[in-house]
Amino acid sequence: SRLRLEANDVCAARHPPLAASTGLPFLLVELSSLAALGRSRGVPSAFEALAAGGAATLLPPKVLAYVRLDGGEAARLELRARMHRADGSEDAGTGSANCALAGLLASLDGTPPGLVRARVMQGVEMGRPSELLAEAERKGAGAGAE
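These numbers were taken from a predicted model, which means no experiment stands behind them.

1. A short note on the overall build of the protein
When helices and strands are tallied, the protein shows three helices and seven strands. When the helices and strands of the protein are read in sequence order from the N terminus, they spell out β-β-α-α-β-β-β-α-β-β. The buried share among the 146 residues of the protein stands at 41%.

2. Section: the nonpolar core
Membership of the largest hydrophobic core comes to 23 residues, with the highest contact counts inside it found for Leu28, Leu64, Leu79, Leu101 and Leu105. Counting residues per element, this core draws most heavily on helix H3 (residues 95-107), at seven residues. The contacts of leucine 79, once residues within four sequence positions are left out, are Tyr66, Val67, Arg68, Leu69, Asp70, Leu101, Leu105, Ala118, Arg119, Val120 and Met121. Counting residues in hydrophobic clusters, the runner-up holds ten residues, among them Leu3, Val29, Ala36 and Val67.

3. What about H3?
For H3, spanning 13 residues, the distance from its first C-alpha to its last is 18 Å, which sits close to the expected 18 Å at 1.5 Å a residue. Along H3, the residues that are buried comprise Ala97, Asn98, Ala100, Leu101, Ala102, Gly103, Leu104, Leu105 and Ala106. In the core, the buried residues of H3 are packed alongside strand S1 (18-21), strand S2 (25-30), strand S3 (62-68), strand S4 (76-85), strand S6 (114-122) and strand S7 (130-138).

4. Observations concerning the pattern of salt bridges
Scanning all chains against the criterion turns up eight salt bridges. Across the pair arginine 117 and glutamate 135 runs a salt bridge, and its minimum N-O distance is 3.5 Å. With arginine 117 in strand S6 and glutamate 135 in strand S7, this pair connects stretches of sequence that are 18 residues apart. Here the salt bridges do not stand alone but share partners, grouping Glu78, Arg119 and Glu131 into one network.

5. Topic: the pairing of S4
Within S4, seven of the ten residues are buried, which leaves the element mostly enclosed by the surrounding structure. Direction of pairing for S3 relative to S4: antiparallel, over a ladder of seven bridges. Across the sheet, the residue bridging to alanine 65 is arginine 82, located in S4. Relative to S6, S4 runs parallel, the two sharing six bridges. Paired with arginine 80 across the strands is methionine 121, a residue of S6. Alignment of S4 against strand S5 (residues 90-91), held across two bridges, turns out to be antiparallel. Bridge assignment links histidine 84 to a residue of S5, and that residue is glutamate 90. Hairpin connection of S4 to S5: four residues between the antiparallel strands, including glycine 88 at a positive phi of 95°.

6. Some points on the environment of proline 25
By the element assignment, proline 25 lies in strand S2. The exposure class assigned to proline 25 is partly exposed, which follows from its relative accessible area of 43%. Separated by 71 residues in the primary sequence, proline 25 and serine 96 place their C-alpha atoms 8.9 Å from one another. Not counting residues up to four positions away in its chain, the partners in contact with proline 25 are Ala20 and Pro60.

Rules of the game
Residues numbered from 1 in each chain as written. Predicted model: local features only at pLDDT ≥ 70, side-chain atom pairs only at ≥ 80, totals over all residues. Heavy atoms only, no water. Helix = DSSP H or I, 4+ residues; strand = E, 2+ residues; numbered from the N terminus. Buried < 20%, exposed > 50% of the residue type's maximum accessible area, 1.4 Å probe, protein only. Core = buried A, V, L, I, M, F, W, Y, C linked by side-chain atoms within 4.5 Å. Contact = heavy atoms within 4.5 Å. Expected span 1.5 Å × (residues − 1). Salt bridge = Lys/Arg side-chain N within 4 Å of Asp/Glu carboxyl O. Pairing = 2+ DSSP bridges.

The analysis is restricted to geometry; functional conclusions fall outside its scope.
Here it is as structure tokens:
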């Protein structure tokens, strides 16, 4: 695992781990708990193994792991996240990744049309907390998000 986690730490109920972008690509992974988020670590050797196998061109070298804290309300999301890089380092606040995440969450089936706002706390575990605000608009069922 690129994040040193077990399979049951990943929550795939809303979406599987997937690549998303608002310019720069990121792998977005929902985790099952704050405890799993706290245990997550970037594993350089796992990223290197993927690159050696040719997967580096398919999978982004940065992983945004996140947990929903909001209880499921679709229009106002409260999230906690960590950005892990291929070299094992971490970013305290990644606006582009969290914008991609807001777009992804707005585009999911079951999200009503309208504006989706996300408040993301990132960098908490590394002692550099950042609050990021993102929004995306869902145009309608099956129409995706902007």
